[in-house]
Each structure stands twice: as structure tokens, then as C-alpha cells.
Amino acid sequence: MAPNGRRLSDYIRRLGNLEMNEGAFALILILPSVILTLGLILWPLANTFVMSLHESNLARPQRQDFVGFQHYIHFLGNRMFWETIGRTFYFTFVSVGIELVLGIAIAMLISAKLKGWRFLRTAVIIPWAVPTIVNGAIWRWIYNADYGALNGLLLQLGLIDKYIAWLVEPHRAMNLVILADVWHSAPFVVLIISAALVSLPVELYDAASIDGANGWQRFTRITLPLLRPAILVVLVIRTVEAFRVFDIIYIMTRGGPVNGTMVISYLTYQETFSYLHLGRGSALSFIVSAFIFLLALLYVKVLYTEDVAV
Amino acid sequence: MKTKRILGILTAIMMLSVLSLGVPASAQDEIVINVVGMDQAGMTPEELDEIARLFEEQNPGVRVETSYVLYDGLHDLLVTSISSEPPAFDVVLVDDIWYAEFVDAGWLLDVTDRITDEMREGIFEAAWDITTVNGRVYGMPWLLDQKYFFYNTRLLEEAGFEEPPRTWEEVEEMSRVMKEMGLVEYPMIWSWAQIEAVICDFVTLLYGNNAEFFDENNQPVFNSPEGVEVLEWMVRMIDEGLVNPASITSAEEDVRNVFSQGQAAFATNWVYMYDLTQDPEESQVVGEVGMALMPVFESALEEGILSATIDGSMGYSVTAGSEHPDEAWAFIEFLTSEPIQIEYSAHQLPIWEDAFESEDLIALNPVTVPMFAEQFPWSHVRPKVPYYNEASRIIQVAIQEALTHAATPQEALDNAVEQILEVAAEYED
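Bear in mind that the values here come from a model prediction, so they are computed numbers and not experimental data. (Residues numbered from 1 in each chain as written. Chains lettered and ligands numbered in written order. Predicted model: local features only at pLDDT ≥ 70, side-chain atom pairs only at ≥ 80, totals over all residues. Heavy atoms only, no water.)

J.: Which parts of the structure should I look at to understand the confidence of the model for chain B?
T.: In low-pLDDT segments, the atomic positions of the prediction should not be examined closely. When pLDDT is averaged along chain B, the result is 90; 93% of the residues meet or exceed 70. Low confidence marks residues 21–26 of chain B, where pLDDT is under 50. Its contacts with residues over four positions away, or in another chain, come to zero contacts. (pLDDT = per-residue confidence, 0-100. Contact = heavy atoms within 4.5 Å.)

J.: What am I meant to see in helix H9 (residues 196–208) of chain B here?
T.: Every α-helical turn comprises 3.6 residues, leaving residues that sit three or four positions apart pointing alike. Residues and elements named next belong to chain B. For H9, built from 13 residues, the straight-helix expectation of 18 Å at 1.5 Å per residue is met to within 8% by its first-to-last C-alpha distance of 19 Å. Burial within H9 is extensive, with 13 of its 13 residues counted as buried. Downstream of H9 by a residue or two, Asn210 has a phi angle that is positive, lying close to 60°. (Helix = DSSP H or I, 4+ residues; strand = E, 2+ residues; numbered from the N terminus. Expected span 1.5 Å × (residues − 1). Buried < 20%, exposed > 50% of the residue type's maximum accessible area, 1.4 Å probe, protein only.)

J.: Sorry if this is basic, but what is going on with the pattern of salt bridges here?
T.: All names here are of chain B. Scanning the entire structure with this criterion turns up 26 salt bridges over all chains. Across the pair Arg176 and Glu173 runs a salt bridge, and its minimum N-O distance is 3.5 Å. Of the two residues, Arg176 and Glu173 are both situated in helix H8 (residues 168–180); the distance of three residues between them amounts to about one turn of the helix. When its relative accessible area of 23% is taken as the criterion, Arg176 is described as partly exposed. Each of Glu172, Glu173, Arg176, Arg236 and Glu240 takes part in one network of salt bridges that share partners. (Salt bridge = Lys/Arg side-chain N within 4 Å of Asp/Glu carboxyl O.)

J.: Explain the packing of H9 of chain B against helix H18 (residues 388–403) of chain B to me, please; I cannot follow it from the model alone.
T.: All names here are of chain B. Between H9 and H18, the shortest axis-to-axis distance is 9 Å and the interhelical angle comes to 75°. In terms of orientation, H9 lies roughly perpendicular with respect to H18. For the pair formed by H9 and H18, the contact residues are Glu196, Val198, Ile199 and Phe202 on the first element and Tyr388, Ser392, Ile395, Gln396 and Ile399 on the second. (Axes fitted to C-alpha atoms, helices over the stretch in contact; angles between N-to-C directions. Parallel < 35°, antiparallel > 145°, perpendicular 65-115°, else oblique.)

J.: What's the story with empty space enclosed by the protein in this structure? I'm lost.
T.: Think of a ball as big as a water molecule: rolled over the atoms, this probe shows where empty space is left. Under the criterion given, the structure shown has seven cavities of 30 Å³ or more. Counted as a void, the largest cavity has a volume near 310 Å³. Elements with a minimum of two residues in the lining of the largest cavity: helix H12 (264–274) of chain A together with helix H3 (71–82) and H18 of chain B. Among the residues forming the lining of the largest cavity, the class breakdown is seven nonpolar, seven polar and five charged. Taken as a whole, the second largest cavity encloses approximately 190 Å³ of empty space. Lining the second largest cavity we find 17 residues, and of these Met38, Tyr71, Asp95, Glu252 and Trp270 of chain B sit closest to its centre. Mapped by element, the contributors of at least two residues to the lining of the second largest cavity are H3 and H9 of chain B. (1 Å grid on protein atoms, 1.4 Å probe; cavity = no way out; pocket = protein on both sides within 12 Å on 5 of 7 lines; lining within 4 Å. Points joined across faces, edges and corners; volume = space filled by probe spheres on them. Nonpolar A, V, L, I, M, F, W, Y, C, P; charged D, E, K, R; others polar.)

J.: Explain the domain arrangement of chain B here, please?
T.: Interface size, as often reported, equals the accessible area lost upon joining of the parts. Residues and elements named next belong to chain B. Examined at the domain level, chain B breaks down into domain 1 (30–145 + 313–378) and domain 2 (148–310 + 387–426). On a C-alpha basis, the centroid separation for the pair domain 1 and domain 2 is 28 Å. Residue-level contacts link 21 residues of domain 1 with 23 residues of domain 2. Overall, the association of domain 1 and domain 2 removes approximately 2,000 Å² of surface from exposure, summing both partners, and the carbon and sulfur fraction of that is 65%. Interface area lost by domain 1 to domain 2 is led by Asp145, Gln375 and Trp378, which between them contribute 33%. Between domain 1 and domain 2 we count zero salt bridges in total. Seen at the junction of domain 1 and domain 2, the total is six residue pairs in polar contact (both at pLDDT 80 or more). (Domains from an automatic or database assignment. Buried area = accessible area lost by both parts, 1.4 Å probe. Polar contact = N/O pair within 3.5 Å; in protein donor to acceptor, adjacent residues only side chain to side chain.)

Okay, structure coming up:
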């Protein structure tokens, strides 16, 4: 590419009869992407930030009072806000944790190439291919108190003696939403871990077998350490995604009962689009971004400071 | 060879460009009216589409594009799509409780001068309250609806009751008998999920206990002793298993499903449920559904309050920024015209007063038409305040707190009133 690029730059120089140095030429080349980045990322970000400092209501566009950091102070001193943040962390850690354990287990199962592994590999991906909205609708039907599949199954197995209204109790509702999310997202973990497993060197396992290591030892001493980069990638992506969870909540519970499944993204949506408080909504989204940024920072620190490459 | 090929390619390009020019040219002649309606209670999307086709036949050159959402998504869809310039929709369905907010924001076209004398006199007086804000009219009343009381006639007969209940105390007693006889596990189903539906049921019960929701100055007063009694009754009904516990996560459609399966003896819902319970494809209780005046509590009945229910009416409006306001208004006029309203009356009743004397309408709807006339005088509206959505959400959570024993009814309602006053203070200027 380099010779080609030089020839092209020479041609442009001759054409415009301009003495252009490498720097200016580079600038021209990156200009389109700089404009796109500014226009699509930085400008909206700055705009949102400015909005978060104002009392801004979509239904009252004539009033735009500057209030400084009042919205941030309002939320950071609000009990309901912290309960929502707590619930969001609970959702994030429990669902990502289960997904990770389950994902690695299924990936190991596939890589063991037992009978029917090809079928398993395909079948496992299906939930991930289902749109989140559809997934939410499916699980809402499964949990339905009067004609849901879960009640039908448990009743026929004799585990319950009458139908249960599953989503009525706030904490249980949260756990059941997590279950639905795990069903949907664990395949993603399987996918990434499976890909990493394929590329692991076979010699290490051969050597370990010769040295007399059993299966569990091979898993904990060889597989897991070698999988660490893949696990970190999965962790970062899934944590950020789970922290921003919205659609499955919107479809299944709308934050209820008693705000038992009210997570931070749903609260932001409610402030912004149901109450039309654009200022408060913007402030909330900045607070959410701050939390995600901190989480990402934590992961990046682990990712780059430790000897991950092995 | 080569020239031939190039010629061929050129011809193809020319043909394609002619084709691509042709499409927008024909579309430009047509005026497109974008309409958003509701896929829940009221006329079904199929019926509305049929009416739109009829309108297109009578108005060549105008095309009606319809879209439908569930009620609970409608408000948020509207505020994001009609606050833009130009708005995404020309004709929008607006709930009674949003008119104050939308007019305050300047999103709806003032149509006061477009209302003819014929409309003024022919349409129910109370219906105009829905679309009128500060003396100006912002739309045509559309869905004149209220919650009705439904009961399963077969279950009542099997339990030995001949008449439907008049008071909530009787409902409770009959429910207890039916539960003890094993006729039905949970005799009552309500829509008490954390959505607007729970407010509708709560307000119905409030006025049925001679309590008020908001007073005449739009101040929240539902934490009065009578108001607290209502919530205590709701909690007790759940605790005793007379109300289906799934009510706490149910919307109107869930109520319809449970009632249509024959799994509830009593339910409240909008008028659309009646017709659907008589459809064998949708229901297992065809011919076993009765409608009666919404019950009240005994103490209220003694004071001459025969019934109380919630008014859930809606209107169709033109957006202020619409590029085709005349065509949009013409479509609304067509949609709300008397012949159309009578023809499509299975799932919602006409807004025209004299239609209720028409033999056709009664023949089409022998149960719901007389019921409407009997129930409508007892219908209560929710307050027209610009912060209604926030207030509603606060009460929804308060009711659920009480139902799940996270707070006592008194605490929950006191707390809700306090929060609403805080929100209201923010809107004072």
C-alpha cells in the first residue's frame, strides 16, 4: 500500500501545484472521519451535557432556565436513585456472572465433541438470534400466572399444587427477568469462548496428560488461564450491555411491581419521555455513562496491567 | 463486441434512472396523511384500516397511512414524534389526561372554528370536555369509554345467585361463596399492574366509596379516610385470595384473557371486552357474560350513589405543525361521522347522542348500548393537569406498595400525596 499511497500523493501535489507536507495530506485524509466523529459523537454529547445543566421540559420549550448542577445533586441525594443503581448492579453482576459460568460450561461441552456436538453448537446460538423484544414477550408468556408454560410444567411435575403469579413479588420478578436475560445472552459467551477454545495449543494438553494431570487440573491450570483474554472481552461487553438493560424490562415488567425491576436506563427513559424532563434525563444519562466509564476503566486496568498475553 | 456491451450498459442505466424518477413523481401528486391510533380497547386496527380505505375512495389523491401502538406506548411515542418540526403524524389519538400537557406544549391544532353547529349539538355535551382546554377545542371526541362491570352468569347461577351484585360488599360475599364451593379459584380479576390501568380501577373504587381523587382545585385528596378504606379493601381481597394475585401484573388484555377463559366470576373492563367475549375464537364464555351497573360500597349506596366508574375517553386531533391540516381534519370528520360510528359500533359506541335512539345501533349492540346510557351519568374524569403522568406514576407505585405489603395503605397514600404536591410545586410559575 505504501508505494501506491506515495504515488497518489505525488499525483495530487502535481495536480494542485501545491507544496503539501505529509502532515497536511494526512489531515485531508482523516478529515471526513473527524467531521463524522465530531458531528455524531462529540456534538450530541456536548449538547446533552449543556441540556443537563438546564431546567428543560419538552412540553415547555419556551422555558430553559440554567440550573447548574442542580439535577445531579437532586439525583445523587435521592434514595430512590441509589436503590435503582443498586438494582442495576444486582442485575448486571448476577446476570453476567451466571452467563459466564454457564457459557464456559457449554463451550467446554461443545469442544469435547461428544455425540451430537454439532447440533448443540447450532441450537445454543438460537436464543441469541431472537430479538430482545421477542425474548421479553416469550418469557412474559412463560411466566404468565394463568396460562403460562412454567406453571403448566411445574404443576404436571407435581412441584406446585396450584398456579403461581410469578411476577408479583418484586425481588422474584427481578430474578426471573435475569433468568430471561441469561437465556438470551449466554449464547454470546458460548460463541466467544468456543472460538478461543479452538485456538488453544494441543501440545500443552498432551504434555499435561503425560505429567499425569487430571481433567479438572487441566481445566483450571491450562484452559482457564489461556481463556483469560476471551473472558475479559466477554466481561467488558456484557457488563456494559447489562448495565444499560432496557428493552427486556420494558416488555416484561415496565419497572414494576413496586419498582422492583426499575433499573437506571428505564428510570432515564421515564424521566425523559414519560415526564418530558429533558434536563433531568440528560443528567441521568451522564451519571449512567460515568458508572459505565468507571467499570470499563476497571476492566481496562486489569486487561493491560497484567500479563494477559501469556 | 465492446461497443455493444457499453451501449447495453448505458441503456440499462437510462432505463433505471427513468424508473427511479418515475416513482417520486407519482408520489408527489398524492397527499399522505399519517395517522397514529391504538391497538387496544376500542375499534380494532382492521376496522380503522377499512374506514381509511373508504375515505381514500371518496377523496382521490389522498392516501392515509396508519400505524398502531399499545396504549401504554402511545404517550411516549406521541411526545417524541409530534414535538419535531414537521411532526411525524398529522392525525393523533390523544387520551383525555394528556390534552392539558399537549396543548400547553403547543403541539395540537386549535380547531374551535372548524366545529360546526351540527357537531356541537349532536355530540354528547360531556364528550366535548375531553378535547377542550381553556375554552378552546383541540380535537374531536372519539372513544367515549368507561369501565363496565362484567360477570360470568353461569358461575353465578351455579353458586345460586339470581341477580348481579349491587355493592362491593355483595361482590366480596358472592366471591367467598364461589371460592368455597370450588367453582373458581380466584373470583375477581383486576388490572392492577404498575401502569395507568390501576389508576382507573382505583378511581372507580374511590368514587364508589364517596371519596374523591383530586378535588375541584386539582389538589390530590385520595388519602382521605374513605380513600384509605378503598386501598385497604383492595389489599384484603388479594390477601384472602378473592382477587387473583396476577392482578398485580395485569393490564386490561390480561383481564380479558382470564375472564374469557372462565377463570373469573367478576371483572371490570372497557366496553370492547363484551364483543370479544362473544367471539368463540377468543372466548370460552360465549353466552355466559352479563354486564351490570358498576357496584359501589354500601355506605355510598345509602347516600344515593348508585354507581361510580372511570371515564376513559380519548380524542383525535390534528398536529399543529401538520403540512396538510385540511385533509387531516377531513379524515377526522369522516372517522367521527355518525354513519361510520354506527356501522363500526361493535367495539366502541358513537359520540352522537341521537345515535343511541337509532334502531340500527341497538340492534347491533343490544347489550352495550343500553348499558352505556345507564352507566355514563356515573362516570368520573381524571384531573387535567400538565404533570398528570408523574402524579399517576407516583400513585401506581403507592398502590403496589400497599398490595405487596411494602407499606400500609395509609402510609403509601400519604406519601404519594406528599410527592405529588412536590411535583405540582415545580409546575407553578
